[in-house]
Amino acid sequence: MSLRLATFNVENLMNRFDYSGYRNQLNQDRTLALFEIKDEAEYRILEQARAIAHIDDMRQLTALAIAETRADIICMQEVDNIEALRAFEYGYLFKMVGQGYRQKYTTSGNDTRGIDVAVMMRTETADGEPIEFVRMTSHAHVTFQDFGLQTPELTATGNEPFERIFRRDCLEIDVKIGGKPLTIYSVHFKSMGSPRNGVPGREASAPIRDAEAKAVRRIIEDRFGKDNAGGKRWVICGDFNDYRQRVVIGGSAHTGYDFTVVNETQSCLNVLLADGFAENVVERRPELDRWTLYHTRGPEERHLCQLDYVLLSPALARENSGAVPDIVRKGQPWRTIFPPGQEVERYPRAGWDRPKASDHCPVAVTLNIR
């Protein structure tokens, strides 16, 4: 029997307005920054109007991207709460494409903005096999001290032993597909952030992501046994906010672009991949065609990279040695620079920078569950 599994960072799926931009310019939408706003009351009214107009277009594109994954189960990142997820699934995904996800699961994690990980599931696969929810376990409470992961690097960045490891959660979902067990770990690791005191954001935040990756591995090994985990059927899905490889973009639209693959020696992914603990199935695609996000800070800093992952246990990877995942890129804004031969037809109304389905691309793979 087969299961279609996907992961997607849907970016700020919220059911509340964010007014923090009035006091923090870093959070202020660039549209409102164009106007002189006399007080906070006026700002709140304008923010509501802006958000409603903008979000409707964006969520239509998000729904189209999810529909194209054809996923039976989809792991999602940046979901505000179950009410927001229900409203989106019914008002956009179901209304637009007529394919509902009746089973929805999330918990309140550790993100101060309230954006958490979630999982949506159909009641059965496309082949008609039942998808049975067994249990959900949150690991948001685990601290550095609990798992013995405190390091001098964490201390130097202001993280204390008693603080929680996961910046959102590691949500453990047990299901049965046609009676066969499968465990899904849905994650969203610490963002790279902006440079701090001259240190690049990725480097400054790396100790936290390393700890998150080690914690996920520890959770899996504790669950199945360190020597037995490789033979069990599990998968890790989510936005790791890190990469082992990137495609650096040079040139311009006028002179022509060039694309250079650069391998990274340091990455939190090494914790889960370097010794064969899990397999990143996206690495079965050609090097120039593995990216799920376009990053730019202007012409001097542009690259494509994979931030979104489906990591299979060794047993599941062996059972699916021929499975090559799909990456859905039709929801990307027009500013995204595609390598030659990868250009796609964007969804209707996709903008130069927005609206868009997300900065991230969904990753989906069909797995045989034996």
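Sequence order as written defines residue numbering, which begins from 1 separately in each chain. Side-chain atom pairs in this predicted model are given and counted only at pLDDT of 80 or more, local residue features only at pLDDT of at least 70, and totals for whole chains, interfaces and linings cover all residues. Think of the side-chain values as coming from all heavy atoms in the structure, minus any hydrogens and water.

Student: What am I meant to see in empty space enclosed by the protein here?
Tutor: Empty space among the atoms becomes visible once a probe the size of a water molecule is rolled across them. A pocket here means an open set of points on a 1 Å grid, computed over the protein atoms alone, that has protein on both sides within 12 Å along at least five of seven lines. A cavity is instead a set of points where a 1.4 Å probe fits but cannot get out; residues with an atom within 4 Å of a point line either one. Grid points are joined across faces, edges and corners, and a volume is the space filled by probe spheres set on the points. Within the structure shown, the criterion is met by one cavity of 30 Å³ or more. Each pocket or cavity is described by its volume, and for the largest cavity that value is around 30 Å³. Side-chain classes follow a simple rule in which Ala, Val, Leu, Ile, Met, Phe, Trp, Tyr, Cys and Pro form the nonpolar group, Asp, Glu, Lys and Arg form the charged group, and the remainder, Gly included, forms the polar group. Classifying every residue of the lining of the largest cavity by side-chain character gives five nonpolar, four polar and no charged.

Student: What is the right way to read the pairing of strand E6 (residues 170-177) from this model?
Tutor: Within a regular beta strand, the side chains point alternately toward one face of the sheet and then the other, so they alternate between its two faces. The element E6 is extensively covered by neighbouring structure, given that seven of its eight residues are classed as buried. The pairing criterion is simple: DSSP has to find at least two bridges between the two strands. Strands here mean DSSP runs of E at least two residues long; helices mean DSSP runs of H or I at least four residues long; both are numbered from the N terminus. In this sheet, E6 lies alongside strand E5 (residues 131-138) in antiparallel orientation, the contact comprising seven bridges. Bridging across to E6, Arg135 finds its partner in Asp174. The pairing of E6 with strand E7 (residues 180-188) spans eight bridges and is antiparallel. Looking across to E7, one finds that Ile177 is bridged to Lys180. Here E6 folds back onto E7, and the loop between the two strands holds two residues, one of which, Gly178, carries a positive phi near 55°. Each residue's exposure class comes from its accessible area (1.4 Å probe, protein chains only) as a fraction of the maximum for that residue type: buried when under 20%, exposed when over 50%, partly exposed otherwise.

Student: Whenever I open this one, the pattern of salt bridges confuses me. Can you help?
Tutor: Where charged atoms of side chains with opposite charge meet at close range, the side chains can pair. A pairing counts as a salt bridge when a side-chain nitrogen of Lys or Arg comes within 4 Å of a carboxyl oxygen of Asp or Glu. For the structure on display, the rule yields 32 salt bridges. Measuring nitrogen to oxygen at the nearest pair gives 2.7 Å for the salt bridge that ties Arg4 to Asp326. Within this pair, whereas Arg4 is found in strand E1 (residues 2-13), its partner Asp326 is found in strand E15 (residues 326-327), the two being separated by 322 residues in sequence. Residue Arg335 is joined to Asp359 by a salt bridge in which the shortest nitrogen-to-oxygen separation is 3.0 Å.

Student: Before we go on, may I ask you to explain the sheet that holds strand E11 (residues 279-280) in this structure?
Tutor: Strand pairing in a sheet takes place through backbone hydrogen bonds and is either antiparallel or parallel in direction. Taken in spatial order, the six strands of this open sheet run E5-E6-E7-E8-E14-E11, and their pairing is mixed. This sheet does not close on itself; its edge strands, each paired only once, are E5 and E11. Docked against the sheet, helix H4 (residues 201-224) engages E5, E6, E7 and strand E8 (234-239), running at close to 160° with respect to E7. Should any heavy atoms of two residues lie within 4.5 Å, those residues are counted as being in contact. The angle between two axes is taken between their N-to-C directions and runs from 0 to 180 degrees, where each axis is a line fitted to C-alpha atoms and a helix contributes only its stretch in contact.

Student: Quick question: what am I supposed to make of the packing of helix H1 (residues 40-69) against helix H2 (residues 82-97) here?
Tutor: In helix packing, the relevant descriptors are the interaxial angle and the interaxial distance, both defined with respect to the helix axes. The contact between H1 and H2 brings their axes to 9 Å, and the two run at 60°. Between H1 and H2, the crossing angle belongs to the class labelled oblique. Remark: the crossing between H1 and H2 carries right-handed chirality. The segment H1 lies against H2, with Asp56, Arg59, Gln60, Thr62, Ala63, Leu64, Ile66 and Ala67 engaging Phe88, Tyr92, Leu93, Met96 and Val97. Its residues assigned to classes, the contact of H1 with H2 shows nine nonpolar, two polar and two charged. The labels follow the angle: roughly parallel below 35 degrees, roughly antiparallel above 145, roughly perpendicular from 65 to 115, and oblique for the rest. By definition, any crossing whose near helix is turned counterclockwise from its far helix by less than a right angle is left-handed, and any crossing with a clockwise turn is right-handed.

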